[in-house]
Amino acid sequence: MDKVKAKQILTEILQNNGARIAHFPSQKEVSMQTLLKDAQVVAKKLINANCGGIFLAAPNSYHWLVTYFACIISDTVLYTADFQLSEAELNSRIEICKPCVVLKADNINDLLVMEFAPQANALPQMREFGFVQFTSGTTGGAKGVLMRAQQIAANLVSMQELCAFTPSDNFLLASAMSHPMGHIFMLLTLGFGGKLTILESPVFLPRAVADANATIMVTPPVMLNSFKNMPDMVERLKKFRYLLCVGAPLDETAYAFYREKGIKIMNGYGMTECVSGVAMGKPDSSGKLIPLACCQIKTAPDGEILVRGDCVCGGYINAGSICREGWYHTNDLGEFDAQGMLTVTGRKDNLAVLQNGYKIALEPLEEKINRVKGVSDCIVRVVRTGASDSIQCEAVVESGVYKDAQELRGAINTTLSFYEKLDTVHIVEKLSLKGNKKQRG
Amino acid sequence: MKAEQIRQKLCAVLEKVNKQMPQADNMPFDMDSLALMMFIYEVENAFNIKFGLNDFDTEITPERLVFLIAAKQL
C-alpha cells in the first residue's frame with residue numbers, strides 16, 4: 001500500500017460522521033464532527049510550533065483521540081508509552097524521542113488550550129505521520145517501534161476482513177489505546193461508523209460489561225478466566241457479538257466453557273513490531289489462527305514464527321532494523337496444520353507470558369533483584385493461580401538487612417516495573433531450584 | 001445501615017471475590033487492579049449502589065469505603 005493511499009484511509013476515518021465516542025459511566029457522547037474540529041485546532045498549533053513529535057503517556061480519553069488525529073492531520077510523530085510506567089521509566093523514553101510536547105494524565109485535559117513551544121531540534125523521521133509504541137523493555141532497554149501510515153492502514157484493512165465491524169457495533173475499549181490491539185480496534189470502530197466506549201476509570205469495567213450495551217471487547221485471558229466464576233457476568237457476555245482475546249493464549253478449558261455457553265471468542269496473535277495482529281482465530285477455532293492478508297507467516301526449521309509483509313514496521317527509532325534477512329523473528333514457536341492454520345506452541349526464549357498479556361524475562365528480572373541491597377542470589381518463578389499468575393521469588397539475603405520477607409518484598413518491588421512486581425518472596429538459606437530452568441514450573 | 005453492618009457485609013463480599021480470585025486475599029487495598037474491579041462491582045451489587053468517578057479520586061481505605069456506602073444509602 002502506498003503512502004498517499006494509506007494517509008487517505010486514516011484521514012477518512014475522521015470524515016465518518018456516523019461514529020460516536022461514548023464515556024462510561026457518565027454516558028457523555030461526543031460526535032466525530034467535534035473530534036475533527038478539536039483535532040484541527042491542535043494540528044494547527046503543532047504546525048505553527050514546527051513540532052515534530054508529541055510524547056503521550058496517559059489513560060484512554062477523548063483528548064488521547066484528539067492528539068492521535070491531530071498528529072495525522074499535521075504529519076507529526078506520536079510517541080506513546082504505558083502510563084503505568086514509573087517517572088524514571090517514562091523519562092528514559094522521553095530522552096530517546098525528544099518531543100516538543102509531553103502529555104500525561106495531569107495535563108492532557110489542557111490539550112486544547114496549552115501553548116506548544118517552537119521546536120528546533122526535530123529528529124529526521126518527524127516530518128511525516130508516525131505512531132511510535134515503546135515496547136516494555138522486557139529483554140533490555142525499551143525500544144520504540146515506528147509505525148507509518150502504510151503499515152497501520154495495511155493492518156487495519158486486513159483486520160477488518162476478519163473482524164467485520166459494522167456501524168451497529170459498540171466497542172468497549174478495555175485495553176489501552178497505546179496497546180497494539182487497542183489502537184487498531186479504536187480505528188476500526190471509528191472508521192466503520194460504530195460507537196467507541198471509553199472507560200472513565202478501569203474499576204468500572206465489570207459494570208460496563210453489564211450496562212454499556214457493547215458488542216465487541218478486547219480482553220486479556222485473565223479477565224475471561226475471572227468472569228468464568230461469575231454467573232451474572234457470563235450471562236452479560238452472551239450479549240456480545242464476540243470477544244477478542246489477546247496478550248496470551250487462552251487455555252482450552254476456558255474456550256470450551258465459553259463455547260458451551262454460546263459466547264464467541266476470537267483469539268488474536270500479534271506484536272507491536274507488526275502494528276497489532278498478524279493472525280486471528282475464528283470464534284469456533286479455539287487456538288488455531290488464520291494469518292492476516294497483510295503479512296506472510298512461516299516457521300523456521302527450529303519452529304520459530306517468522307513474519308514479513310506490509311504490516312511489518314520499518315524499524316525501531318533507537319535500535320535499528322526490525323527484520324533479519326527480510327523476516328521479523330518473533331521468538332514465538334508455532335506450527336501449521338494441513339489447512340494452513342497456525343498454532344502458537346510456546347516461546348523460544350525463557351520469557352514468561354502472563355495471563356494479563358505482559359511478558360517477563362526471568363533471568364534479567366533476577367539480575368535486577370540481585371542488585372537490591374542485601375540480596376546475594378535469587379530465583380523467580382511464575383505460577384498460575386486460578387484466574388491470573390503469581391510472581392514468586394526465593395532469595396538468599398545477608399542477615400540483619402531486612403526484618404522479614406515482607407520488608408524485603410517491599411524493597412525489591414520499588415526497583416521493578418509495575419508488571420514485574422513480586423507477589424511473594426521467601427527468604428531461604430539456599431536456592432532450591434537454581435540453575436535448572438526446567439524446574440521453574 | 002450502620003457502619004458495623006456495612007463492615008460485616010463488606011467482609012461477605014470480599015469472601016465471594018476471594019473465591020472467584022484466590023489471590024485477592026487482602027481487603028482490597030493490596031489487590032491488583034483486576035481484583036479491585038471485581039470487588040467494586042460486587043460491592044455495588046450487594047449494596048445496590050453506584051459509585052461515581054470522584055469516589056476514587058482519593059485512596060480507597062476500609063474507612064472510606066464504609067463512609068461512601070453509608071453516604072450513598074442515605
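These lines cover the structure that appears in this document, whether it is placed above or below. Computed from a prediction, not measured in an experiment: that's the story for all the values here. (Residues numbered from 1 in each chain as written. Chains lettered and ligands numbered in written order. Predicted model: local features only at pLDDT ≥ 70, side-chain atom pairs only at ≥ 80, totals over all residues. Heavy atoms only, no water.)

## Examining the pattern of salt bridges
All names here are of chain A. This structure, assessed with the given rule, holds 21 salt bridges over all chains. Where Lys-3 meets Glu-128, a salt bridge forms, and the shortest distance between an N and an O atom there is 3.6 Å. Note that Lys-3 is positioned in helix 1 (residues 3-14) and Glu-128 in the loop between strand 5 (101-104) and strand 6 (130-134), a separation of 125 residues in sequence. Judged by its relative accessible area of 46%, Lys-3 is partly exposed. Between Glu-95 and Lys-98 there is a salt bridge, with the nearest N and O atoms lying 4.0 Å from each other. Shared partners join several salt bridges into a network, and the residues in it are Lys-3, Glu-128 and Arg-148. (Salt bridge = Lys/Arg side-chain N within 4 Å of Asp/Glu carboxyl O. Helix = DSSP H or I, 4+ residues; strand = E, 2+ residues; numbered from the N terminus. Buried < 20%, exposed > 50% of the residue type's maximum accessible area, 1.4 Å probe, protein only.)

## Here's the deal with the interface of chain B and chain A
Facing the 17 residues of chain B at the interface are 25 residues of chain A. Here chain B and chain A share an interface that buries about 1,700 Å² over both sides, 64% of which is from carbon and sulfur atoms. Applying the counting rule to chain B against chain A returns 2 salt bridges. Note that Arg-207 of chain A is salt-bridged to Glu-44 of chain B, the shortest N-O span being 2.4 Å. Our count for the chain B to chain A interface comes out at 3 residue pairs in polar contact (both at pLDDT 80 or more). Of all the elements, helix 2 (residues 33-47) of chain B adds the most residues to the side of chain B that touches chain A, at 8 residues. Across the side of chain B that touches chain A, the residue classes tally to 9 nonpolar, 4 polar and 4 charged. (Contact = heavy atoms within 4.5 Å. Buried area = accessible area lost by both parts, 1.4 Å probe. Polar contact = N/O pair within 3.5 Å; in protein donor to acceptor, adjacent residues only side chain to side chain. Nonpolar A, V, L, I, M, F, W, Y, C, P; charged D, E, K, R; others polar.)

## Some remarks on the side chain of Ser-74 of chain A
Residues and elements named next belong to chain A. Here Ser-74 shows up in helix 3 (residues 62-74). One polar contact links Ser-74 to Thr-76, side chain to side chain, over a distance of 2.7 Å. When neighbours within four sequence positions are excluded, Ser-74 is seen to be in contact with Ala-43, Leu-46 and Ile-47.

## Let's talk about the packing of helix 1 of chain A against helix 5 (residues 149-163) of chain A
All names here are of chain A. Where helix 1 meets helix 5, the closest approach of the two axes is 8 Å, and the angle between their N-to-C directions is 65 degrees. Remark: the crossing between helix 1 and helix 5 carries left-handed chirality. Listed contacts from helix 5 to Lys-3, Ala-6, Lys-7, Ile-9, Leu-10 and Ile-13 of helix 1 are Ala-149, Gln-150, Ile-152, Ala-153, Leu-156 and Val-157. (Axes fitted to C-alpha atoms, helices over the stretch in contact; angles between N-to-C directions. Left-handed = near helix turned anticlockwise from the far one by under 90°.)

## Brief notes about the sheet that holds strand 14 (residues 290-291) of chain A
All names here are of chain A. Read across the open sheet, the 9 strands follow the order 2-1-9-8-10-11-12-13-14; overall the sheet is mixed. The strands lining the two open edges of the sheet, one partner per strand, are strand 2 (29-31) and strand 14. One ladder, built from 3 bridges, connects strand 12 (residues 265-270) with strand 13 (residues 277-280); its direction is antiparallel. Within strand 13, the position partnered with Gly-268 by the bridge is Met-280. This element, helix 2 (residues 32-48), spans strand 1 (20-24) and strand 2 of the sheet and lies at about 70 degrees to strand 2. (Pairing = 2+ DSSP bridges.)

## Looking at the nonpolar core
Core analysis: the largest hydrophobic core is formed by 88 residues, its most contacted members being Tyr-68, Phe-69, Phe-185 and Leu-190 of chain A. In terms of residue count, helix 3 of chain A provides more of this core than any other element does, 9 residues in total. Contacts of Phe-185 of chain A, omitting those with residues within four sequence positions, involve Met-159, Cys-163, Phe-165, Phe-171, Ile-216, Val-218, Tyr-242 and Leu-244 of chain A. Ranked by size, the runner-up nonpolar core spans 51 residues in total, among them Ala-214 of chain A together with Leu-34, Ile-49 and Phe-56 of chain B. (Core = buried A, V, L, I, M, F, W, Y, C linked by side-chain atoms within 4.5 Å.)

## Points about the packing of helix 1 of chain A against helix 3 of chain A
Residues and elements named next belong to chain A. At a minimum axis separation of 10 Å, helix 1 and helix 3 run at an interaxial angle of 135 degrees. When the axes of helix 1 and helix 3 are compared, the pair comes out oblique. Considering the relative orientation of helix 1 and helix 3, their crossing is left-handed. Each of Lys-7, Leu-10, Thr-11, Ile-13 and Leu-14 in helix 1 lies in contact with helix 3, whose residues at this interface are Phe-69, Ile-72 and Ile-73. A breakdown of the residues in the contact of helix 1 with helix 3 according to their chemical character gives 6 nonpolar, 1 polar and 1 charged. (Parallel < 35°, antiparallel > 145°, perpendicular 65-115°, else oblique.)

## Let's talk about the packing of aromatic side chains
Residues and elements named next belong to chain A. As enumerated under the stated definition, the model contains 13 aromatic pairs over all chains in all. On the basis of an interplanar angle of 40 degrees and a centroid distance of 5.3 Å, the ring pair of Phe-171 and Phe-185 is categorised as tilted. With Phe-171 in strand 8 (residues 170-173) and Phe-185 in helix 6 (residues 180-191), this residue pair connects regions lying 14 residues apart in the sequence. Accessibility classification places Phe-171 together with Phe-185 in one group, the buried group. Note on Tyr-358 and Phe-418: the rings are 5.3 Å apart at their centroids and 90 degrees apart in plane angle, and the pair reads as edge-to-face. Taken as a pair, Tyr-358 in the loop between strand 21 (351-353) and strand 22 (359-361) and Phe-418 in the loop between helix 12 (405-413) and strand 25 (424-427) lie far apart in primary sequence, 60 residues in all. Taken together through their ring pairs, the aromatic side chains of Trp-64, Tyr-68, Phe-69, Phe-129 and Phe-131 make up a single cluster. (Phe/Tyr/Trp six-rings, centres within 6.5 Å; stacked < 30°, edge-to-face > 60°.)

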